[in-house]
Amino acid sequence: MYDQVRRIDPDIAAILDNELARQREQLEMIASENFTSRAVMETMGSTLTNKYAEGYPKKRYYGGCVNVDEAETLAKKRAMELFGAERANVQPHSGSTANMTAYLAFLKPGDKILGLSLSHGGHLTHGHPVNFSGLLFEAIHYEVSPENEMIDYDKLRDQALAERPKMIVGGASAYPRFWEYEKLRSIADEIDAVLVFDMAHIAGLVAGGVHPSPVPHCDVVTSTTHKTLRGPRGGLILARKDFFKNINKMNFPGVQGGPLMHVVAAKAVCFHECMQDSFKEYAKSMVANAAALGDALLERGFHLVSGGTDNHLLLVNVANKGLTGKAMEELLEQVGITANKNTVPFDQESPFVTSGIRLGTPALTTRGMGTDEMVRIADLMDRAVQNRENQEVLSGLRGEAEELAGQFPLYPGM
Ligand SMILES: *Cc1c(COP(=O)(O)O)cnc(C)c1O
């Protein structure tokens, strides 16, 4: 592997080697990460990276697009089939540009949008002041209820009726529960707002049939392709037929230049993989693993935000263990578990410290781990917390984590 890089640039080759080793040795529990297939990686490393293809299949601004046209057509067809969508745009470079395109297709700068607050599980692109979405639009936010830590749809409706945003954005980066799409739809209809749902985190669960689909209820659905969907790093937009001209125009020339055709082709490979029975099994396991991990953590006295999970991720409030999210992230790193600190609803700590940790099962499930391994990992975490001052115990735990990882080979033969 990496023969050419090794010959030309040993510095970068060493970095690639070290990163492969890191991914193999550590228990990867960042909820937004996954291990894509060799087929997806080969496609990303192909000659398609050389091609300019501004425009859309058969309507390009460059010659020589015959092959990339076929790749993009296939990617779109597969995306529509996989999600039962009327139209698909597979060109967004990322989830963020997919959202920018979706918003600008309907809104003018200064228009009002209503999205889930970042500190309650939402995403920066849902109207945070430091992001384009908060800079360009007048953003207001809905929250989860302090009682059950789930979205408070009654309050959301009150806010929508009082503020009359032009767009409601559903979806999250750190929300472990199902969404009630019918409620979002009826609130949007009451105020004649556009309903966009950002399924970046749960797209793979939707594709695998283990999470309800937002597609039938929403005007536009945006996504990433690299999280639970397990494809190349990139974005995706699905929409109704009547909105699609606007979406396409806003993607190009509105927001982006030339599409990354090597990534577009890799998205086609990803969608093909997602249609297989093996992917449905994978999606089921992601959810079963998150549930098992959650139960095992509850048994060990950890507090789960909202009390549990319906999807692939858990938000653990570690304040009752005498730790901040930042300290927990560092502790887990010491014992070979990669995760990220995360604000919890109504967090008293700053976003750099936080009271929570977000854990996800997509990557470990790809490695083949099941519910038994999740219980072992919960136990590892618990012992790490209890022995956090004891370096000897912690290095023993790191050995256990590496041994567990080694039992589930990653990219064998690479
Ligand atoms: C990850 C994520 C995005 C952004 O995706 P990028 O590819 O990192 O730009 C957008 N929305 C949600 C809900 C996400 O979780």
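Nothing here was measured: the structure is a model prediction, and the numbers come from that model.

Now for the sheet that holds strand β14 (residues 340-342). Read from one edge to the other, the open sheet built from four strands follows the order β11-β12-β15-β14, with strand pairing classed as antiparallel. In this open sheet, the two edge strands, each paired with only one partner strand, are β11 (303-304) and β14. Note: β11 against strand β12 (residues 313-317), two bridges, orientation antiparallel. Following the sheet pairing, H303 is matched in β12 by N317.

Before going further, it helps to spend a moment on the site of the ligand. Around the ligand, 14 residues are found, and the nearest of them are G95, S96, S173, D198 and K227. Here an oxygen atom of the ligand and a backbone polar atom of G95 are 2.9 Å apart. Between the ligand and the protein, one listed contact pairs a nitrogen atom with a side-chain N or O atom of D198 at 2.5 Å. Of the residues forming the shell around the ligand, the biggest block, three residues, is contributed by helix α5 (residues 95-106). Within the shell around the ligand, the residues separate by chemical class into two nonpolar, 10 polar and two charged.

Once that is clear, we can look at the nonpolar core. Counting residues in hydrophobic clusters, the biggest one holds 55 residues, and the most contacted among them are F83, I151, I168, W179, F197, M199 and L238. Top contributing element to this core by residue count: helix α11 (residues 261-274), with seven residues. Lining this core are residues from two domains, each supplying at least three of them: domain 1 (41-274) and domain 2 (281-406). Once residues lying within four places of it in the same chain are set aside, the contact partners of L238 are A79, F83, A85, R87, A88, M199, V215, D219, V220 and V221.

Glancing now at the packing of aromatic side chains. Inspection of the entire model under this criterion finds 10 aromatic pairs. Considering the side-chain rings of W179 and F197, the 5.3 Å spacing of their centres and the 85° angle between planes classify their relative orientation as edge-to-face. On the criterion of sequence distance, the pair formed by W179 in the loop between β7 (167-170) and α8 (181-191) and F197 in strand β8 (residues 194-198) is long-range, its members being 18 residues apart. Joined through ring pairs, the aromatic side chains of Y175, W179, Y181 and F197 make up one cluster.

Before going further, it helps to examine helix α12 (residues 277-299). Between its first and last C-alpha atoms α12 spans 33 Å; for 23 residues at 1.5 Å apiece the expected length is 33 Å, and the two agree. For α12, the full list of buried residues reads F279, Y282, A283, M286, N289, A290, A292, L293, G294, A296 and L297.

Each assigned domain of the protein is listed here: domain 1 (41-274) and domain 2 (281-406). On a C-alpha basis, the centres of domain 1 and domain 2 stand 29 Å from each other. Every contact between the two is made by 25 residues of domain 1 and, on the other side, 25 residues of domain 2. Overall, the association of domain 1 and domain 2 removes approximately 2,000 Å² of surface from exposure, summing both partners, and the carbon and sulfur fraction of that is 59%.

The rules we used
- Throughout this description, residue numbers start from 1 for each chain and increase along the sequence as written.
- Residue-level local features of this predicted model are given only where pLDDT is at least 70; pairs of side-chain atoms are given and counted only at 80 or more, and the full residue set underlies all totals for whole chains, interfaces and linings.
- Calculated side-chain values reflect all of the structure's heavy atoms, with hydrogen atoms and water omitted.
- Two strands form a pair only when DSSP identifies at least two bridges running between them.
- A run of H or I in DSSP becomes a helix once it reaches four residues, and a run of E becomes a strand once it reaches two; helices and strands are each numbered from the N terminus.
- Note on definitions. A residue lies near a molecule or strand when any single heavy atom of the residue is within 4 Å of it.
- Polar contacts, as counted here, are pairs of nitrogen or oxygen atoms within 3.5 Å of one another; within protein the pair requires one atom able to donate a hydrogen and one able to accept it, and residues that are adjacent in sequence qualify only if both atoms are side-chain atoms.
- All amino acids are sorted into three groups, where Ala, Val, Leu, Ile, Met, Phe, Trp, Tyr, Cys and Pro are nonpolar, Asp, Glu, Lys and Arg are charged, and the leftover types, Gly among them, are polar.
- Among buried residues, those of type Ala, Val, Leu, Ile, Met, Phe, Trp, Tyr and Cys that are joined through side-chain atoms within 4.5 Å constitute a nonpolar core.
- Relative accessibility under 20% of the residue-type maximum defines a buried residue, over 50% an exposed one, and the middle range a partly exposed one, all with a 1.4 Å probe and only protein chains included.
- Domain segmentation is taken from an automatic or database assignment of domains.
- Residues are treated as being in contact if the distance between any of their heavy atoms lies within 4.5 Å.
- Only rings of Phe, Tyr and Trp enter the pairing, Trp through its six-membered ring, and a pair is recorded when the two centres are within 6.5 Å. The plane angle decides the type: under 30 degrees is stacked, over 60 is edge-to-face, the rest tilted.
- Each residue after the first adds 1.5 Å to the expected span of a helix.
- By definition, the buried area sums, over both parts, the 1.4 Å-probe accessible area that each loses when the two are put together.

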